[in-house]
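So you can see what is in the structure, the chains are spelled out below.
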Amino acid sequence: MRQAGRSLPEYRAARAGVPMLESCLRPELASEITLQPVRRHRVDAGIFFSDIVIPLRLAGVGVDIVAGRGPVLDAPVRSATDVARLRELSLAPDALQPIRDAVAITVAELGSTPLIGFAGAPFTLAAYLVEGGPSKDHIQARTLMHADPDAWHDLLEWAADVSGAFLRAQLLAGASAGQLFDSWAGSLSRTDYVDSVAWASARVFDDVRDLGAPLVHFGVGTGEILPDLLAAGADVVGVDWRIPLDEAARRVGRVPLQGNIDPALLGAPWPVLEAHVLDVVRRGRAAPAHVLNLGHGVPADTDPEVLTRLVELVHSLPRP
Ligand SMILES: Cc1c2[nH]c(c1CCC(=O)O)Cc1[nH]c(c(CCC(=O)O)c1C)Cc1[nH]c(c(CCC(=O)O)c1C)Cc1[nH]c(c(C)c1CCC(=O)O)C2
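- Taking an unreviewed UniProt entry as the reference, the protein chain is identified by name as Uroporphyrinogen decarboxylase belonging to Naasia aerilata.
- The record held by UniProt for the protein chain lists under Pathway (unreviewed entry) the comment "Porphyrin-containing compound metabolism; protoporphyrin-IX biosynthesis; coproporphyrinogen-III from 5-aminolevulinate: step 4/4."
- Listed in UniProt under the heading Sequence similarities (unreviewed entry), the comment for the protein chain reads: "Belongs to the uroporphyrinogen decarboxylase family."

The following block contains the structure:
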């Protein structure tokens, strides 16, 4: 349950006075925040507390996370010249040390509970880099894709390499699985995804495949491209809340699925949420395996008791 920590008072206490990206780069703090929701909700795996823009920051890109808004760049990357300047930046071997340290501390504390590592997919990172911040339709990024295909290629290649290094560092330090978040891939036509984006996500998976960890590929609004997310090299396909898992299984074939509780229902009365969770579990049986989670992040105002109760409900169900 991504950003489960954000709804916790202990998260807000730990983060008090520390900027978001700074908290990701203090290994003891990042580890503590990763462990908080695992301790409280007794979920079956933790997700590493970090952010998709951390490898950009560590490579020297001027980026910050503005509360309530998201990642904001000092200077957007709009032209071939901007891309060439970006490509002069790279991750120094030592730059990822705080990430390795945080993962190592966390894995030691978690014991037999697995840790999921993650990275942002090149398109989603490019969407932030080109737009300079969060945007609705990622128009400028999608324009650059067609206006200057060579610059687009070079931008995605660079993003794939820093993201791949970020994910690889987590897996080498002890994370048990890796998830690639292409949060904004749903804004692309299928043709654009297949022709101009999928190769770069495949490049990230290729960077870590030799490590043998299961790899999850997730995007928001990606019902039309689920088979393409699989084809990029994933072992598991993540599904948002928009299509039911039995339909997702029909689209991707016999592949493990992850998903897809609608985050909006966390604020609904318990019987409504309970019926929804049971329906998700029932439809998930159409896949050969199902990793139950939310279709997207936990809303910050979610009552933590609801999350704990949801986990208890799922643990009480008979295993297939
Ligand atoms: C697009 C994206 C980002 N970051 C991430 C994505 C991809 C997943 C997705 O589709 O949501 C991924 C991410 N971000 C974070 C994690 C770590 C795991 C976790 O805490 O759940 C993960 C896996 C921490 C975080 N990343 C962020 C927070 C919230 C910080 C806070 O409010 O305290 C956390 C816990 C901030 C962030 N970072 C980003 C956004 C859009 C925001 C929200 C801005 C806001 O609304 O305040 C970029």
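1. A short note on the UniProt feature "domain: Uroporphyrinogen decarboxylase (URO-D)" (unreviewed entry) in the protein chain
Right, on to step 1. Under the local residue numbering, the UniProt record ascribes the feature "domain: Uroporphyrinogen decarboxylase (URO-D)" (unreviewed entry) to residues 116-132.
Right, on to step 2. When the span residues 116-132 is considered, its composition is 59% helix and 29% strand, and the gap between its end C-alpha atoms is 28 Å.

2. A word on the side chain of T308
Right, on to step 1. Looking at the secondary structure, you find T308 in helix α15 (residues 304-316).
Right, on to step 2. With sequence-adjacent residues up to four places away left out, T308 is seen in contact with R40 and H41.

3. Considering helix α3 (residues 27-41)
Right, on to step 1. The end-to-end C-alpha distance of α3, which contains 15 residues, comes to 22 Å, matching closely the 21 Å that a straight helix rising 1.5 Å per residue would cover.
Right, on to step 2. Largest kink in α3: about 25°, centred on L35, with the proline P37 one to four residues after it.
Right, on to step 3. Where α3 is concerned, the buried positions are L29, A30, S31, I33, T34, L35, Q36, P37, V38 and H41.
Right, on to step 4. In this structure, the buried side of α3 is in contact with α1 (9-15), α2 (20-24), β1 (46-47), α6 (97-110), β4 (115-120) and α15.
Right, on to step 5. With its phi angle positive at about 55°, R42 sits one or two positions after the end of α3.

4. Focus on the confidence of the model for the protein chain
Right, on to step 1. Residue-level pLDDT values for the protein chain average 96, and 99% of them are 70 or greater.
Right, on to step 2. Scored as a complex, the prediction yields pTM 0.97 and ipTM 0.93.

5. With respect to the sheet that holds β1
Right, on to step 1. Taken together, the 7 strands give an open sheet; going across it, the order is β1-β4-β5-β6-β7-β8-β9, and neighbouring strands pair in parallel fashion. Edge strands, defined here as strands with exactly one partner in the open sheet, are β1 and β9 (290-294).
Right, on to step 2. Of the strand pairs in this sheet, strand β5 (residues 177-182) and strand β6 (residues 215-219) are connected by 5 bridges, and their pairing is parallel. Paired with G178 across the bridge in β6 is L215.

6. Points about the pairing of strand β2 (residues 63-66)
The side chains of a regular strand alternate between both faces of the sheet.
Right, on to step 1. By the bridge criterion, 4 bridges tie β2 to strand β3 (residues 70-73) in an arrangement that is antiparallel. Bridge pairing links D64 to V72 in β3.
Right, on to step 2. From the end of β2 to the start of β3, which pair antiparallel, there are 3 residues, and G68 there has a positive phi angle of about 75°.

7. Some thoughts on the pattern of salt bridges
Right, on to step 1. Within this structure, the stated rule accounts for 18 salt bridges.
Right, on to step 2. The partner of E157 in a salt bridge is R87, and the shortest N-O contact between them spans 3.1 Å. With a gap of 70 residues between them, E157 in helix α9 (residues 149-172) and R87 in the loop between α5 (80-86) and α6 connect regions that are remote in the sequence.
Right, on to step 3. Taking the relative accessible area as the measure of exposure, E157 reaches 17% and is therefore buried.

8. Topic: unusual backbone geometry
Right, on to step 1. With an omega of -25°, the peptide bond between G259 and N260 qualifies as cis.
Right, on to step 2. A positive phi angle, close to 55°, is found at R42, a residue other than glycine.
Right, on to step 3. For H138, which is not glycine, the phi torsion reads 55° and is therefore positive.
Right, on to step 4. Topologically, H138 is positioned in the loop between α7 (122-131) and α8 (139-147).
Right, on to step 5. Looking at H138, the relative accessible area reads 4%, which means it is buried.

9. Structural notes on the nonpolar core
In summary, soluble globular proteins display a tendency toward joint burial of nonpolar side chains.
Right, on to step 1. Formed by 103 residues in total, the largest nonpolar core has its most connected members in L56, L129, W152, L155, L257 and L273.
Right, on to step 2. Ranked by residues supplied to this core, first place goes to α9 with 12 residues.

10. What to know about the packing of aromatic side chains
Right, on to step 1. A full pass over the atoms with the stated rule returns 5 aromatic pairs.
Right, on to step 2. Ring geometry for F118 and F181: centres 5.7 Å apart, planes at 85°, overall edge-to-face. Here F118 is found in strand β4, whereas its partner F181 is found in strand β5, with 63 residues between them in sequence.
Right, on to step 3. For F118, a relative accessible area of 6% gives the class buried.
Right, on to step 4. Through pairs of rings, three or more aromatic residues link up here, namely F118, F166, F181 and F218.

11. What to know about the environment of Q3
Right, on to step 1. If you trace the backbone, Q3 turns up in the segment before α1.
Right, on to step 2. Exposure remark for Q3: the relative accessible area of 29% places this residue in the partly exposed category.
Right, on to step 3. The sequence separation of Q3 and M145 amounts to 142 residues, and the corresponding C-alpha distance is 31 Å.

12. Quick notes on the pairing of β9
Right, on to step 1. Examined bridge by bridge, strand β8 (residues 257-261) and β9 share 5 bridges and lie parallel to one another. The residue bridging N260 from the neighbouring strand is N293, located in β9.
Right, on to step 2. In this view, the connection linking β8 to its parallel neighbour β9 by way of helix α14 (residues 270-284) has right-handed handedness.

The rules behind each value
Sequence positions are assigned chain by chain, starting from 1 and proceeding in written order. Totals for whole chains, interfaces and linings use all residues, but because this is a predicted model, local features are given only for residues with pLDDT of at least 70 and pairs of side-chain atoms are given and counted only at 80 or more. Only heavy atoms go into the side-chain values, all of them from the structure, while hydrogens and water stay out. UniProt positions are given in the numbering used here, feature names are shortened, and annotations may be inferred rather than shown by experiment. Each helix is a run of DSSP H or I of at least 4 residues and each strand a run of E of at least 2, with the numbering of both proceeding from the N terminus. The criterion used for residue contact is that any of the two residues' heavy atoms lie within 4.5 Å. In this analysis, the expected span of each helix is defined as 1.5 Å times one less than the number of residues it contains. Consider a residue and the seven residues that end there alongside the seven that start there; fitting an axis to each set, the bend is the angle between those axes. Burial here depends on accessible area, computed with a 1.4 Å probe over protein chains only, as a share of the maximum for the residue type. Under 20% is buried, over 50% is exposed, and the range in between is partly exposed. Predictor confidence is given residue by residue as pLDDT, running from a minimum of 0 to a maximum of 100. Strands are labelled as partners when DSSP assigns at least two bridges between them. Basic side-chain nitrogens of Lys or Arg form a salt bridge, by our definition, when they fall within 4 Å of a carboxyl oxygen of Asp or Glu. In plain words, nonpolar cores are sets of buried Ala, Val, Leu, Ile, Met, Phe, Trp, Tyr and Cys residues tied together by side-chain atoms within 4.5 Å. Think of it this way: a Phe, Tyr or Trp ring, Trp meaning its six-membered ring, pairs with another when their centres are within 6.5 Å, and the plane angle makes it stacked under 30 degrees, edge-to-face over 60, tilted otherwise. A clockwise path from the first strand over the helix to the second, with the strands pointing away from the viewer, defines a right-handed crossover.

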